[in-house]
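# Chains, contacts and geometry: an overview
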Amino acid sequence: ASFGVRVRDAIGTSTTRSMFIVVLPPPPPLVILTVSLPETSAERLYSQTLVAAGGVAPYTWSIASGSLATGLNISADGTISGTPTSPGTSVFVVRVTDSAQQSIARTLAITVRPADKLAPFGNLETPDYRATLNNTATGSGWALDNVGVTTVEVLVDNQKVGEAIYGLSRPDI
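In short, a report on the structure. (Residues numbered from 1 in each chain as written. Predicted model: local features only at pLDDT ≥ 70, side-chain atom pairs only at ≥ 80, totals over all residues. Heavy atoms only, no water.)

A few words on the overall build of the protein chain. When helices and strands are counted, the protein chain shows zero helices and 15 strands. Scaling as 2.2 N^0.38, a compact globule of 173 residues should have a C-alpha radius of gyration of about 16 Å, whereas the protein chain reaches 30 Å, well beyond that. Along the first, second and third principal axes, the C-alpha atoms of the protein chain reach 110 × 40 × 25 Å. Looking at the protein chain residue by residue over its 173 residues, the buried ones come to 18%. Here the contacts in the protein chain between residues at least 6 apart in sequence split such that 50% fall between residues at least 24 apart. For the protein chain, the accessible area works out to roughly 12,200 Å², and carbon and sulfur atoms hold 55% of it. Side chains of the protein chain give 11 positive and 13 negative charges; the mean places of these two sets differ by 17 Å. (Helix = DSSP H or I, 4+ residues; strand = E, 2+ residues; numbered from the N terminus. Rg over C-alpha atoms; globule rule 2.2 N^0.38 Å. Buried < 20%, exposed > 50% of the residue type's maximum accessible area, 1.4 Å probe, protein only. Contact = heavy atoms within 4.5 Å. Areas by Shrake-Rupley, 256 points an atom, 1.4 Å probe, with all protein chains shown as cover. Lys, Arg positive; Asp, Glu negative; His and termini not counted. Charge placed at Lys NZ, Arg CZ, Asp CG, Glu CD.)

Let's shift gears to the nonpolar core. Judged by nonpolar contacts, the single largest core of 18 residues is most densely connected at Leu-37, Ile-80, Phe-92 and Ile-110. Listed by contribution, the elements that provide at least two residues to this core are strand S10 (88-97) and strand S11 (103-113). (Core = buried A, V, L, I, M, F, W, Y, C linked by side-chain atoms within 4.5 Å.)

Moving on, we come to the environment of Phe-3. With respect to the helices, strands and loops of the structure, Phe-3 is situated in strand S1 (residues 2-8). Relative accessible area serves as the criterion here: at 38%, Phe-3 is assigned to the partly exposed category. In this view, Phe-3 contacts Arg-17, Ser-18, Met-19, Phe-20 and Ile-21; residues no more than four positions away in its chain are not counted.

Two elements, strand S5 (residues 46-49) and strand S9 (residues 79-82), share four bridges in a ladder whose sense is antiparallel. Across the sheet, residue Ser-47 finds its bridge partner in S9, namely Ser-81. Bridge count between strand S8 (residues 72-74) and S9: three bridges; the pairing is antiparallel. In the sheet register, Ile-74 faces S9, and the bridge partner there is Ile-80. From the end of S8 to the start of S9, which pair antiparallel, there are four residues, and Gly-78 there has a positive phi angle of about 90°. (Pairing = 2+ DSSP bridges.)

A word on the packing of aromatic side chains. Within this structure, the stated rule accounts for one aromatic pair. Between Phe-121 and Trp-142, the ring centres sit 5.9 Å apart and the planes meet at 85°, which makes this aromatic pair edge-to-face. Of this pair, Phe-121 sits in strand S12 (residues 121-126) while Trp-142 sits in strand S13 (residues 140-144); the two residues are 21 residues apart in sequence, bridging distant segments of the chain. On the basis of relative accessible area, Phe-121 is assigned to the partly exposed category, the value being 47%. Residue classification places Trp-142 among the partly exposed positions, given a relative accessible area of 36%. (Phe/Tyr/Trp six-rings, centres within 6.5 Å; stacked < 30°, edge-to-face > 60°.)

It is worth spelling out unusual backbone geometry at this point. That bond from Ala-57 to Pro-58 is cis: its omega, 5°, falls within 30 degrees of zero. Here Pro-58 shows up in the loop between strand S6 (52-53) and strand S7 (60-66). For Glu-43, which is not glycine, the phi dihedral falls at a positive 65°. Of note, Asp-157 is a non-glycine position whose phi angle comes to about 55°, a positive value. Relative to the assigned elements, Asp-157 resides in the loop between strand S14 (153-156) and strand S15 (159-163).

Attention now goes to the sheet that holds S10. Here four strands make up an open sheet; going across it, the order is S4-S11-S10-S7 and the pairing mixed. Each edge of the open sheet carries a strand with a single partner, namely strand S4 (40-41) and S7. Both S7 and S10 contribute to a ladder of six bridges, which runs antiparallel. Paired with Trp-61 across the bridge in S10 is Val-96.

Shown next as structure tokens:
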């Protein structure tokens, strides 16, 4: 909308200025999209980023009530990270505030399982461990871990020379 403004002083001098005002629709409501957090093991590095939408970015995250497991922290950008020290379930309320001072909260929980003290193990089935290799060779075998296998490294004389290409038929093998 456009309009005019006239200012007049006590002796009758005046000035007029044309002005306009723009009214924008309100921002969409602020919502927290994260509905649950994955569990983890004690003494294992953890990192998850909370997600919000709507409102007016940027967002600022905090703990409104409750507390994170000992060893975990939340940053203003919504990343929960750290190394939990002991097992248990922590229930807490996160709050996100946008730059227009809209705020919303959600209850979340993180379950921390006991520390994983089992080392992964496996077996190289081919080539035989006694084989002498002079060139490129393919091999097969398996690895097992109760948390999950993430990499299989190839070592020659205890020196890493690469990572094996592998497929997972189960998340623990």
